[in-house]
Amino acid sequence: MKSRSASKIKLTSYDDLIGGAVAPDDIQEMPIGQLQAFENHPFHIQDDEEMEELVESIKAQGILTALLVRPSKKGGYEIISGHRRCHAAKLAGLMQVPVIIREMEDDVAVRAMVDSNLQREHILPSEKAFAYRMKIEAISHQGVSGGISAENVGKEGHDSARQVYRYVRLTYLYLPILDSVDKNLLGLQTGVELSYLGEQEQIWVEEVHGLIGKYPSLDQAKKIRQKGEEQKLTKEIVQLLIMGEKRKIKSVTLKQKEISRYFPADYDEQKMRTVICQLLEEWSSQNK
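Note that the structure is a prediction, hence the values are computed from the model and not measured.

Concerning a negative patch on the surface
Here comes step 1: The grouping of D47, D48, E49, E50, E52, E53 and E121 at the surface amounts to a negative patch.
Here comes step 2: Note that D48 resides in the loop between β2 (35-36) and α2 (49-61).
Here comes step 3: The class for D48 is partly exposed, based on a relative accessible area of 32%.

Next up, the structure:
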């Protein structure tokens, strides 16, 4: 069934995404029950303030941008672009949503799915990480080398090829550590360093975090990675490296017989200490 409100639905955002213009007649209403999420969709759907605003907008104006879907091998249709809109439509009580149906091969669908979501304003590091990895793999299936594919992916996400690789490294993180990167408890580059550790080694890092409430700094993470590559890493070493070496307190011992000749005979230990401290204070002020 063609959508009666197709004339007010935005179309231009899909022109580049699917490689051709979309006409109002391409839009049709589809029961929400026939739609399913994209397989391994890397972008989270949060019931947050932005979602509440989207729900209210849909209640007031309907869905202004049709969902992009493709026929699914499992039956029904797979969402390529519009997961948040679909979720908001359910919360708004809609039974059907406007969609554009396109036949797409897997690699083309992955690229379209990633590109449509990278346009969002707020994207978690983990979302970008798995999205970049999926798109690089899709492009490489089409015979494009890794370096070139990373550069192409970076252009879409406004990141350099090097930064793309940094994000992809995050996909090798132990999930609790990756979650801490998302929560900004751990820096992205520190997460990258930890991603080179084995799974058990990363578990040690998380266990130490639970014990002392600290993650490693970037320098500490580099040292942990080095110990891991040398196969010398243990949980105890992880803890020592994160806690850092305690500064040794410098102390100087002066025996009374060595200094008593500089003081009157009636000076006790306390008077000697007072004079010594005063002299050291004067010396320090003169040598600053």
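So, the packing of helix α10 (residues 199-212) against helix α12 (residues 235-243)
Here comes step 1: In contact at an axis separation of 9 Å, α10 and α12 are set at 55° when each is read in the N-to-C sense. Classified by the interaxial angle, the pair formed by α10 and α12 is oblique. In this structure, α10 meets α12 at a crossing whose hand is right-handed. Counting all contacts with α10, which are made through W204, V205, E207, V208, L211 and I212, the residues of α12 involved are K235, V238, Q239, I242 and M243.
Here comes step 2: Here the residues of the contact of α10 with α12 are counted per class, giving eight nonpolar, one polar and two charged.

Some words on the pattern of salt bridges
Here comes step 1: Under the criterion given, the structure shown has twelve salt bridges.
Here comes step 2: Between D106 and K73 there is a salt bridge, and its shortest N-O distance comes to 3.9 Å. Of this pair, D106 sits in helix α4 (residues 106-118) while K73 sits in the loop between β3 (67-71) and β4 (77-81), placing them 33 residues apart in sequence.
Here comes step 3: E193 is paired through a salt bridge with R225; the nearest N and O atoms lie 3.1 Å apart. With E193 in helix α9 (residues 188-194) and R225 in helix α11 (residues 218-229), the pair connects residues that are 32 residues apart, well separated along the chain.
Here comes step 4: Among the charged side chains, a salt-bridge network with shared partners connects R70, K73, E78 and D106.

Things to note about unusual backbone geometry
Here comes step 1: Non-glycine residue N184 carries a positive phi angle of around 65°.
Here comes step 2: If you trace the backbone, N184 turns up in the loop between α8 (175-182) and α9.
Here comes step 3: Phi is positive for Q231, close to 55°, though the residue is something other than glycine.
Here comes step 4: Tracing the backbone shows Q231 in the loop between α11 and α12.
Here comes step 5: In this structure Q231 comes out as exposed when scored by relative accessible area, which is 74%.

Considering the packing of α2 against helix α3 (residues 83-91)
Here comes step 1: At a minimum axis separation of 9 Å, α2 and α3 run at an interaxial angle of 65°. The angle between α2 and α3 places the two elements in the roughly perpendicular class. The two elements α2 and α3 meet at a crossing, and its hand is right-handed. Along its contact with α2, which presents E50, M51, L54, V55 and I58, the element α3 presents R84, R85, H87, A88, A89 and L91.
Here comes step 2: For the contact of α2 with α3, a count of residues per class yields seven nonpolar, one polar and three charged.

With respect to the sheet that holds strand β5 (residues 96-101)
Here comes step 1: Within the open sheet, the five strands sit side by side as β1-β5-β3-β4-β2. Their pairing is mixed. Each edge of the sheet is formed by a strand with only one pairing partner; in this case those strands are β1 (27-31) and β2.
Here comes step 2: The strands that α4 touches are β3 and β4; relative to β4, the one it contacts most, it runs at about 45°.

Digging into the pairing of β3
Here comes step 1: Within β3, four of the five residues are buried, leaving the element largely enclosed by the surrounding structure.
Here comes step 2: As paired strands, β3 and β5 are joined by three bridges and run parallel to one another. Its bridge partner being in β5, V69 is matched across the sheet by I101.
Here comes step 3: One ladder, built from four bridges, connects β3 with β4; its direction is antiparallel.

Description of the pairing of β4
Here comes step 1: The buried fraction of β4 is high, at four of five residues.
Here comes step 2: Alignment of β2 against β4, held across two bridges, turns out to be parallel. The residue bridging Q36 from the neighbouring strand is E78, located in β4.
Here comes step 3: Connecting β3 to the antiparallel partner β4 that follows it, the hairpin turn spans five residues, and G75 within it adopts a positive phi of roughly 100°.

Overview of α8
Here comes step 1: Looking only at α8, the buried set comprises I177, L178, S180, V181 and D182.
Here comes step 2: On its buried face, α8 sits against α5 (125-141), α9 and α10.
Here comes step 3: Once α8 finishes, N184 follows within two positions and takes phi at roughly 65°, a positive value.

Brief notes about the environment of D179
Here comes step 1: Within the secondary structure, D179 sits in helix α8.
Here comes step 2: Assessed through its relative accessible area of 33%, D179 is described here as partly exposed.

About the thresholds
- Residues take numbers from 1 onward in each chain, read along the sequence in its written order.
- This being a predicted model, a pLDDT of at least 70 is required before a residue's local features are given, and a value of 80 or more before pairs of side-chain atoms are given or counted; all residues contribute to the totals for chains, interfaces and linings.
- Computation of side-chain values covers all heavy atoms of the structure but excludes hydrogens and water.
- For patch detection, residues must exceed 30% relative accessible area and be free of salt bridges, and they are connected within 9 Å for like charges or within 5 Å for nonpolar side chains (Val, Leu, Ile, Met, Phe, Trp, Tyr).
- For the area figures, the Shrake-Rupley method with a 1.4 Å probe applies, and any residue is considered shielded solely by the protein chains shown.
- Whenever Lys or Arg places a side-chain nitrogen within 4 Å of a carboxyl oxygen from Asp or Glu, that contact is recorded as a salt bridge.
- Counted charges follow a simple rule, with Lys and Arg positive, Asp and Glu negative, and His plus the chain ends left uncounted.
- To locate a charge, take atom NZ for lysine, CZ for arginine, CG for aspartate or CD for glutamate.
- Helix and strand labels come from DSSP, where a helix needs a run of H or I of at least four residues and a strand needs a run of E of at least two; each type is numbered from the N terminus.
- The rule is simple: take the accessible area with a 1.4 Å probe, protein chains only, and divide by the maximum for that residue type; under 20% is buried, over 50% is exposed, in between is partly exposed.
- Note on geometry: axes are C-alpha line fits, over the in-contact stretch for helices, and angles between N-to-C directions span 0 to 180 degrees.
- For classification purposes, angles smaller than 35 degrees are called roughly parallel, those larger than 145 roughly antiparallel, those between 65 and 115 roughly perpendicular, and all remaining angles oblique.
- For any helix crossing, the convention is left-handed if the near helix is rotated counterclockwise from the far helix by under a right angle, and right-handed if that rotation is clockwise.
- Contacts are assigned to residue pairs with any non-hydrogen atoms lying within 4.5 Å of each other.
- Gly counts as polar in this scheme, as do all residues outside two lists: the nonpolar Ala, Val, Leu, Ile, Met, Phe, Trp, Tyr, Cys and Pro, and the charged Asp, Glu, Lys and Arg.
- Strands are labelled as partners when DSSP assigns at least two bridges between them.

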